[in-house]
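Structural characterization, general
One-letter residues, chain by chain:
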Amino acid sequence: MANASIALQALGDPTRREIFERLARRPLAVIDLAAALPVSRPAVSQHLRVLKDAGLVIVRQEGTRHVYRVDPKGVEVMRQYLDRMWDKALASFKAFAERENQ
Amino acid sequence: MTGQKNDVVRKELMIKASQRRAFQAFTEQMDLWWPRSHHIGKSEMKKAVLETKQGGRWYEIGVDGTECNWGKVLVWNPPHKLVLAWQITADWQYDPDFLTEVEANFIEKGPKLTSFTLEHRNIEKFGPKAQEIWSAFDSEGGWMGMLKTFANIAETDAAGGTSGSGASKSSAHQADTAR
């Protein structure tokens, strides 16, 4: 559960969502992202760390560059999406079942 | 990590209703509580349908009349157990060759109290398919669509200020009814 909320927070931020979407199109280094976004390099690094901790992106060293990409398995994103989806659906189910029971 | 396996989503709820009632509400009356935001068809969703029998279809009907399959009933054992096949891939398409399982159990705890558990398993199967999707990332309804939905839920939750499955119920429900 704790894990799911980490990813939710990670993608709840518009800048991080933008970074994640760019990485999903193609792998990029910090410097590429900083050039494309109105955000400083340290800020980009910070966002990437959050995405990485949330299990959404992975990093690979290529020469002197750290190149980030979306975790190709995509399983964690899907699991967390479904986790939230069922939370929402079941909350609605519970409210309905209990209301109609009166 | 709280000991939860990566390929399973597990939920537990206590429902203040009889076992029979809870099972009926979940199955026969799914259309009355299924969040309208959770649909895969191109048009808005008009109805969620679960055919209440072994092998029954599970699908949505759009406002334009189009039916979109979600899966089918694998185990029909009222009022105790229901296993559904969730056959929607990571790019929100029905695929008859793709199958993940959703198992719901209803355990009687009192005349008006039911322990409800739901387990969505085989989530690891989304992996290989998700890989194919990277190439089609920009397609509407692909990852972009999913991320938007995902972000909406995240923001709804953030507004509610809670992240647990229990405490976020009321805010999540309000978000549904507001649509």
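See the structure printed just above.
A brief report on the enclosed structure follows. (Residues numbered from 1 in each chain as written. Chains lettered and ligands numbered in written order. Predicted model: local features only at pLDDT ≥ 70, side-chain atom pairs only at ≥ 80, totals over all residues.)

Structural notes on helix α1 (residues 19–26) of chain B
- For α1(B), the buried fraction is high: 6 of the 8 residues fall into the buried class.
- Here α1(B) has its buried residues at Gln19(B), Arg21(B), Ala22(B), Phe23(B), Ala25(B) and Phe26(B). (Buried ≥ 20, exposed ≤ 12 C-beta atoms within 10 Å, placed from the backbone. Helix = DSSP H or I, 4+ residues; strand = E, 2+ residues; numbered from the N terminus.)

Comments concerning the pairing of strand β6 (residues 100–110) of chain B
Residue and element names in this part refer to chain B.
- By the bridge criterion, 6 bridges tie strand β5 (residues 81–86) to β6 in an arrangement that is antiparallel. When the bridges of β6 are listed, leucine 82 appears paired with alanine 104.
- Between the antiparallel neighbours β6 and strand β7 (residues 113–121) lie 2 residues. (Pairing = 2+ DSSP bridges.)

Describing unusual backbone geometry
Residues and elements named next belong to chain B.
- Between proline 78 and proline 79 the backbone carries a cis peptide bond, its omega angle lying at -5°.
- If you trace the backbone, proline 79 turns up in the loop between β4 (67–77) and β5.
- The phi dihedral of asparagine 122 is positive, around 70°, even though this residue is not glycine.
- Residue position: asparagine 122 is located in the loop between β7 and α3 (126–133).
- A residue is classified by how many C-beta atoms lie within 10 Å of it, and asparagine 122, with 15 of them, is partly exposed.

Scope: geometric values only; no functional claims are made or implied.
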